[in-house]
Amino acid sequence: LRLAAIGLDIESLDFYHAPSRKTIKLAKQTLKSLGALNNMGGVTPVGRKMERFPVESGYARMLVESEAYSAGLQSALAAIIAVQEVGGIVRSGVRFTGWRRFTRQTRSDLLAQYDVYLALPTISPDDFEELGIIPKNVTKALEVNERLNRDLGLGDMVPVALAETEIDQLLLCIVAGQLHQIWTAEPQGEVTHIFSGKQRQLSNGTVVKHAALIAGTPFDLQVSNVQGIETLHLVTDVTAVKPEWLATLAPEVF
């Protein structure tokens, strides 16, 4: 994105250790899906706004979308992104369910972790491991959140629980950063990528239930069983999607 912003096509450059052509094309397609590049490879106004943020492109797209809403919502999104940037603050396995008592979310795993993040001051660090909360990631997330607040001009604003009317707005911002990862979901847990047709399984650790359309992140998990090592092709960090959001965020695609 930064190369395109100064008029350079990454495919025209020589690298000592060149990224694969497949990787480059995937990166370009992702940026197009997020609305950062047009079909000619030029940077869009949305892309120029995304370039300001020192985070992954998907998170930058979320932040750009949030600028239409309140500072409180932006603060909540900054905390959510901070948690995601460090790989999450809770363990999703079926053996680690204690953290779920701090959330009632059924629409987004990202919002569920945000609820846990808000509850941290009330939880003894001695209980983190038993609850399935990852201590080192909590520390990292707090540091990243502080940096993002500076980048957004939010200062020392403390994230708080959002009003019910703001939840859809926040979910819309989250989906804006995952327009390249939209999946249809079947009741038995099979999900299909709407662009590529590739199939995966919904993570059994998700709080999202009964959603026919989701945004989520592909994740391969290796587990051992009697046959040896098996790789599970999952989708994690799931958010339920309302179809009309896609038409709002990317009308030229949806």
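We now turn to the structure provided with this report. (Residues numbered from 1 in each chain as written. Predicted model: local features only at pLDDT ≥ 70, side-chain atom pairs only at ≥ 80, totals over all residues. Heavy atoms only, no water.)

What to know about the packing of helix H4 (residues 57-66) against helix H5 (residues 71-85)
At a minimum axis distance of 10 Å, the contact between H4 and H5 shows a crossing angle of 175°. Regarding the angle of H4 to H5, the classification is roughly antiparallel. Mapping the contact onto sequence places Tyr59, Met62, Leu63 and Ser66 in H4 and Leu73, Gln74, Leu77, Ile81, Gln84 and Glu85 in H5. Within the contact of H4 with H5, the residues separate by chemical class into 6 nonpolar, 3 polar and 1 charged. (Axes fitted to C-alpha atoms, helices over the stretch in contact; angles between N-to-C directions. Helix = DSSP H or I, 4+ residues; strand = E, 2+ residues; numbered from the N terminus. Parallel < 35°, antiparallel > 145°, perpendicular 65-115°, else oblique. Contact = heavy atoms within 4.5 Å. Nonpolar A, V, L, I, M, F, W, Y, C, P; charged D, E, K, R; others polar.)

Notes on the environment of Val253
Its place among the elements puts Val253 in the segment after helix H10 (243-249). On a C-alpha basis, the gap between Val253 and Asp9 in space is 23 Å, while along the polypeptide they are 244 residues apart.

Considerations on the environment of Gly42
Considering the arrangement of structural elements, one finds Gly42 in the loop between helix H2 (21-33) and helix H3 (45-50). Setting aside anything within four residues of it in sequence, one finds Gly42 in contact with Ala36 and Leu37.

Structural notes on the side chain of Ser108
Secondary-structure assignment places Ser108 in the loop between H5 and helix H6 (109-119). At 3.2 Å, the side chain of Ser108 and the backbone nitrogen of Leu110 are in polar contact. Among the polar contacts made by the side chain of Ser108, one reaches the side chain of Thr239 at a distance of 2.9 Å. (Polar contact = N/O pair within 3.5 Å; in protein donor to acceptor, adjacent residues only side chain to side chain.)

Regarding the sheet that holds strand E4 (residues 213-225)
Spatially, E1-E2-E3-E5-E4 is the arrangement adopted by the 5 strands of the closed barrel, whose pairing is mixed. Taking the axes of each pair of neighbouring strands and ignoring which way they run, one obtains an average angle of 50° across the sheet. Note that E4 and strand E5 (residues 228-240) share 11 bridges and pair antiparallel. Within the sheet, the bridge partner assigned to Gln222 lies in E5 and is Thr231. (Pairing = 2+ DSSP bridges.)

Some words on H2
In this model H2 runs 18 Å from its N-terminal to its C-terminal C-alpha over 13 residues, within 8% of the 18 Å that 1.5 Å per residue would give. Those residues of H2 that sit buried are Ile24, Thr30, Leu31 and Ser33. Looking one or two residues past H2, Gly35 carries a phi angle of roughly 85°, positive in sign. (Expected span 1.5 Å × (residues − 1). Buried < 20%, exposed > 50% of the residue type's maximum accessible area, 1.4 Å probe, protein only.)

Considering the packing of H5 against H6
The interhelical angle for the contact between H5 and H6, taken along N-to-C directions, is 100°, at an axis separation of 9 Å. In terms of axis orientation, H5 runs roughly perpendicular to H6. Residues Ala76, Ala79, Ile80, Val83 and Gln84 of H5 touch H6, and the partners they reach there are Leu110, Leu111, Gln113, Tyr114 and Tyr117. Here the residues of the contact of H5 with H6 sort into 8 nonpolar, 2 polar and no charged.

Section: the pairing of E5
Within a regular beta strand, the side chains point alternately toward one face of the sheet and then the other, so they alternate between its two faces. Looking at chain direction, strand E3 (residues 199-202) and E5 are connected through 2 bridges and run parallel. Within E5, the residue paired with Leu202 across the bridge is Val235. Between the end of E4 and the start of E5, which pair antiparallel, lie 2 residues.

Thoughts on the packing of aromatic side chains
Scanning the model with the defined rule gives 1 aromatic pair in all. When the ring centre of Phe96 is taken as origin, the NZ or CZ atom of Arg91, which lies over that ring, is 5.7 Å away. (Phe/Tyr/Trp six-rings, centres within 6.5 Å; stacked < 30°, edge-to-face > 60°. Lys NZ or Arg CZ within 6 Å of the ring centre and 35° of its normal.)

Purely geometric numbers; function is a separate question.
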